Structure formats: C-alpha cells, structure tokens
Amino acid sequence: MNYSQTTKFLFNSFPSYQNVGPGAYKEGLQNITEMCRRLDNPQRNYFTIHIAGTNGKGSVSHILASVLQQAGYCVGLFTSPHLVDFRERIRVNGEPISEREVVAFVKKHKEEMVSLGLSFFEMTTAMAFQHFSESDVEVAIIETGLGGRLDSTNIIKPILSVITNIGLEHTALLGSTIGEIAFEKAGIIKPDVPVVVGESAPESNEVFDRTAQERGSMLVYADREWEVVESEPSGEFNRYHIQRPRDGRTQILDLDLLGIYQRKNIITARTAIGVLRHYTPLNISTRALIEGVRSVVATTGLMGRWQRLGTSPRVYCDTGHNAHGLKEVVAQIEAQQFRKLYMIIGMVSDKDFDAVIPLMPRNAYYIFTAASVARSLPAEELAAKFRAEGFEGEVAPNVHTAYRRAIELADPDEDFVFVGGSTFVVADSLSE
C-alpha cells in the first residue's frame, strides 16, 4: 500500500472519533497495553510529559515542545486531531512522521492491530510511541485524546502531568458535572509524579487535591503561581508581563500565538517549565524559555489557534468548539474592530447546541456549512437551529463554498470573517 491507501485503510478499518464520534471510544487500557508489550514497550525509552484538559491542551503541548527544543532536547509531540494531514499527530522536533514510516508501521503490524481490535486512536498512539523510540527522542509530550483515566495514552509514567482546565465536554462519556469530568482528567495523576493544574475552580480543585494527596503527588495550581499583570501586541507577538505573587518576581514573554485566551495557556506552560526545572532531570535555561515561547508556530508547526487566513478582508480561524472554548473565541472576535462580521460556522451532530448557540455573536451574518467528515451536522439543519434562536444567515454546502461566499460578501477593508465552530471546519478551511 502507498501512503494514501494506508491512511484510507486506517480510517476505514479502525473506529475513529473523528468519523463516528463516541462510538469509537473504548474504555480500558488492555488493548494498548498489549500492543505496546508486543512492541517491547517503546514508551519507556524516553521521558514523557502528559497533558490533559478540556481546552488548551494543544497550545500548552506545543509551547512546551518549542521550549524543550530550544533547550537542546530531541522532542516528540503527539497530539490530535490533525487538521490537514494525519502525520501532524506525530512529530519529532517539529517534523511530522514520514509517509514511508506510516506505511511501514501499518504494513508490519496490520494483522496484530486488527486481531487486537484496536481503535484508530489506540493504533495512532502505538505508532507514535514506536516512532519516538526509533527517533531517539529524549522527551515526548503526550496529549490525551479524550478524558484521561481510560485514555490510551495513560499507560505512560511521565515526569510531569499537566491538566489545563476543566469544562463540560463529552458529557455522555466523561460525566455530566465538573466534578465527574475532573475525576476522569485526574486519572493521569501518577504516584509521586508532580502535577500542574492550569485553572483552579472549587468543584474540580476538590477532586485534584484529593487525588494528588492519595497518590503522593506534588500539586501546583498555575493561576496561583503566576499571573498576567499586563499584555499587549508587539509586532507578530503578544507580549505578556507576568508576575509571581509569592515573591513579586516579574518576567516578560513574547508569544507568537495571538489569541487573547493564550494568557491562560502561557501561565500553565510557564508553571510547568518551573516544575520541570526544579523537580525533574531536565535542564531548561531562561534563554530556552524566552526563545521557545517566541517561536512556537515556527518550531512546532501548530495551526488553527487564532490563525490568520486572509488580510483583505481579515479572515481568522480557530479550533475552539465546545462551550468552554467558544466563550474565549467569541471574546476574541468581539475585541476586533469591523463594520460587519461574517461567521462561517459548522458543527458536529453531537454538539451541545443548547450550550453553544447562546454564546455566539448576534451582530453577525452567518454562513452555515458542514465539514467533510461524517459527524458533521448538515448545513440546513444547523441553520434551522440557529434561525430558531433569531440568528440571520444563509447556507453553503461545504466549507470551500462558504469561504468563497464570505469573501464575496465582505468589504475588503472594513469587514471581518471568522471560520470555526468545529475543528473539522478549520481543517477544511486550511486546505482551501
């Protein structure tokens, strides 16, 4: 099989959350444990950092990867989902796994993956672990796919666990309350391994405090360790003036991720770096921290986080898609100056529409569409849900058509276009 045939096989043969939603979720770690045993447990051959959370996992993962690369380490990065190419999920020093290596892994292990009944994510996890080992990775940053406790990545013994934040998401699988979801995320806390929690909140703190105490793990809340005292645009960066309340220490960091919600992620990442410096074998200089934060996009290839797609008119996309994330994205949109706002929006069929629709800007003209994945809600149905709540707009059959229509309607100098509502809508827009 060539690369195209191999990825088609993977998506068609293994249940993928991207395509079928909750039906692809498998509880338990038996399958991935057995698969990695047959690979001689490659995940034990390098240090790992484990990242979970409702939002911000990708940004924090990529910030840490960039800083560690600047510190001189060979860094693996495993994230999901991909936006344009499957290989984005598995990177070493910013370089995606090669097509040849994907084909070779599947060819060699196809039969045992099928016999074990691996999910798409379990297969991808095993491939990443093996690729990192074969690439002589020194530190791998591993992002959970869904939840934490029963996520396929949770067979690692990391040197640091990070939980970015907790919001209501995937409630059919993870629980219907903040406390229940926090319990699932807290599953990545390992005995005697430090854990950083990005955002403290009473209902989730109770869970994290209890779990960390039971497992003898040092727990640090990032929003108590550092705070942003000032932020401002600085050329192609956002400049953050941060301060540590306990001693008044200050630091200035330029970040090339531009969304205003990154003020939370920069605090989580900065706190994680501090813990890595003082409580793990890693050596991270101040220079590596400053340069790594400045060059996240260039170093790691991160896409889809308040990313500019066009300048005339201004077009931005963002992968924020649940209520917790969309609230931050909408705040970013409302901070822009424009005469008229155009929203290209698509969502998956299992979205909590009652939670997300009230968050969306009402001073906008919507172009409702559907991404090119099976889970997408048909554009006409999405439009009906929004129109029932008083929103104005029209329907486009796919993201490419919606994008062209928005550019046709928008004034090139005065209007603003946003693309989002779903990771998959952003993915389609990036292949425009």
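Residues numbered from 1 in each chain as written. Predicted model: local features only at pLDDT ≥ 70, side-chain atom pairs only at ≥ 80, totals over all residues. Heavy atoms only, no water.

Asks: Explain the packing of helix H8 (residues 178-185) against helix H9 (residues 202-214) to me, and be specific about the residues and the numbers.
Replies: In contact at an axis separation of 8 Å, H8 and H9 are set at 35° when each is read in the N-to-C sense. The two elements H8 and H9 cross, and the hand of that crossing is right-handed. Across the interface between the two elements, Ile178, Gly179, Ala182 and Phe183 of H8 pack against Glu203, Ser204, Val207 and Phe208 of H9. In terms of residue class, the contact of H8 with H9 is built from 5 nonpolar, 2 polar and 1 charged. (Axes fitted to C-alpha atoms, helices over the stretch in contact; angles between N-to-C directions. Helix = DSSP H or I, 4+ residues; strand = E, 2+ residues; numbered from the N terminus. Left-handed = near helix turned anticlockwise from the far one by under 90°. Contact = heavy atoms within 4.5 Å. Nonpolar A, V, L, I, M, F, W, Y, C, P; charged D, E, K, R; others polar.)

Asks: Describe the confidence of the model for the protein, naming the residues involved and giving the relevant values.
Replies: Averaged over every residue, the pLDDT of the protein is 93; the share at 70 or more is 95%. Low pLDDT, under 50, characterises residues 20-25; the predicted model gives this stretch 14 contacts beyond four residues in sequence or across chains. (pLDDT = per-residue confidence, 0-100.)

Asks: Can you tell me about the pairing of strand S5 (residues 139-143), naming the residues and giving the values?
Replies: Every regular strand shows the same layout, with side chains that alternate between the two sheet faces. Here S5 lies mainly inside the structure; 5 of its 5 residues are buried. The pairing of strand S1 (residues 47-52) with S5 spans 5 bridges and is classified as parallel. Paired with His50 across the bridge in S5 is Ile142. In terms of strand pairing, strand S2 (residues 75-78) meets S5 through 4 bridges, oriented parallel. By the bridge assignment for S5, Gly76 is matched with Ala140. (Buried < 20%, exposed > 50% of the residue type's maximum accessible area, 1.4 Å probe, protein only. Pairing = 2+ DSSP bridges.)

Asks: Give me the lowdown on the sheet that holds S5, citing residues and values where you can.
Replies: Ordered in space as S4-S3-S2-S5-S1-S6-S7-S8, the 8 strands form an open sheet in which the pairing is mixed. In the strand order of this sheet, the two ends are held by strand S4 (95-96) and strand S8 (219-221), each with one partner. In the packing of helix H4 (residues 57-70) onto the sheet, contacts are made with S1, S2, S5 and strand S6 (160-163), and the angle to S5 comes to roughly 175°. Sheet strands in contact with helix H11 (residues 262-279) are S1, S6, strand S7 (195-197) and S8, and its direction is about 165° off that of S6.

Asks: Now, about the nonpolar core: what can you tell me, with residues and values included?
Replies: Membership of the largest hydrophobic core comes to 40 residues, with the highest contact counts inside it found for Ile49, Leu64, Leu68 and Ile141. Formed by 34 residues, the second largest nonpolar core is a distinct cluster that contains Tyr3, Phe9, Leu39 and Ala126. (Core = buried A, V, L, I, M, F, W, Y, C linked by side-chain atoms within 4.5 Å.)

Asks: Account for the environment of Ala410, naming residues and giving values.
Replies: Along the chain, Ala410 turns up in the loop between helix H17 (399-409) and strand S17 (416-420). Filtering out sequence-adjacent residues up to four positions away, Ala410 remains in contact with Pro313, Tyr342, Asp415 and Val417.

Asks: Please give an account of the pattern of salt bridges that cites residues and values.
Replies: For the structure shown, the criterion picks out 15 salt bridges. Across the pair Arg87 and Asp85 runs a salt bridge whose closest N-O atoms are separated by 3.2 Å. Of the charged contacts in the structure, one is a salt bridge between Arg294 and Asp254, with a shortest N-O distance of 3.1 Å. Linking Arg294 in helix H12 (residues 286-294) with Asp254 in strand S11 (residues 249-255), this pair joins segments that are 40 residues apart in sequence. What makes Asp254 buried here is its relative accessible area of 9%. Because the salt bridges share partners, they merge into one network encompassing Glu34, Arg37, Arg38 and Glu112. (Salt bridge = Lys/Arg side-chain N within 4 Å of Asp/Glu carboxyl O.)

Asks: Talk me through the environment of Ala406; I want residue IDs and the actual numbers.
Replies: Position of Ala406 relative to the elements: it lies in helix H17. On the basis of relative accessibility, which here comes to 0%, the residue Ala406 falls in the buried class. Not counting chain neighbours up to four residues away, the residues in contact with Ala406 comprise Ile344, Ile367 and Val417.

Asks: Describe in detail the side chain of Asp256, supporting the description with residues and values.
Replies: As for its position among the elements, Asp256 is in the loop between S11 and H11. Here Asp256 occupies a buried position and makes no salt bridge, while the nearest side chain of opposite charge, Arg294, is found at 8.4 Å. Within the local environment of Asp256, its side chain forms a polar contact with the backbone nitrogen of Val296, the two atoms lying 3.1 Å apart. Separated by 3.0 Å, the side chain of Asp256 and the backbone nitrogen of Val297 make a polar contact. In this structure, Asp256 is in contact with Glu236, Phe237, Val293, Arg294, Ser295, Val296, Val297 and Ala298, ignoring residues within four places of it in sequence. (Lys, Arg positive; Asp, Glu negative; His and termini not counted. Polar contact = N/O pair within 3.5 Å; in protein donor to acceptor, adjacent residues only side chain to side chain.)

Asks: Can you lay out the packing of aromatic side chains for me, pointing to particular residues and giving the numbers?
Replies: Evaluated as defined, the whole model comprises 15 aromatic pairs. Taking the centre distance of 5.6 Å and the plane angle of 10° together, the rings of Tyr366 and Phe368 count as stacked. Members of the aromatic cluster, joined through ring pairs, are Trp306, Tyr316, Phe338, Phe416 and Phe418. Seen from the ring of Phe237, Arg294 lies directly overhead, with NZ or CZ sitting 4.2 Å from the centre. When the ring centre of Phe353 is taken as origin, the NZ or CZ atom of Lys385, which lies over that ring, is 4.8 Å away. (Phe/Tyr/Trp six-rings, centres within 6.5 Å; stacked < 30°, edge-to-face > 60°. Lys NZ or Arg CZ within 6 Å of the ring centre and 35° of its normal.)

Asks: Any chance you could break down unusual backbone geometry for me, citing the residues and the numbers?
Replies: At the junction of Ser80 and Pro81, the peptide bond is cis and its omega measures out at -5° in the coordinates. Relative to the assigned elements, Pro81 resides in the loop between S2 and strand S3 (90-92). Look at the link from Ser312 to Pro313: it is a cis peptide, with omega at 5°. Summarising the element assignment, Pro313 is placed in the loop between strand S12 (307-311) and strand S13 (314-317). The backbone phi angle of Asn93 is positive, close to 50°, even though this residue is not glycine. Of note, Asn93 is situated in the loop between S3 and S4. Assessed through its relative accessible area of 32%, Asn93 is described here as partly exposed. Not every positive phi belongs to a glycine, and Trp306 is a case in point at roughly 40°. Here Trp306 is to be found in the loop between helix H13 (296-300) and S12.

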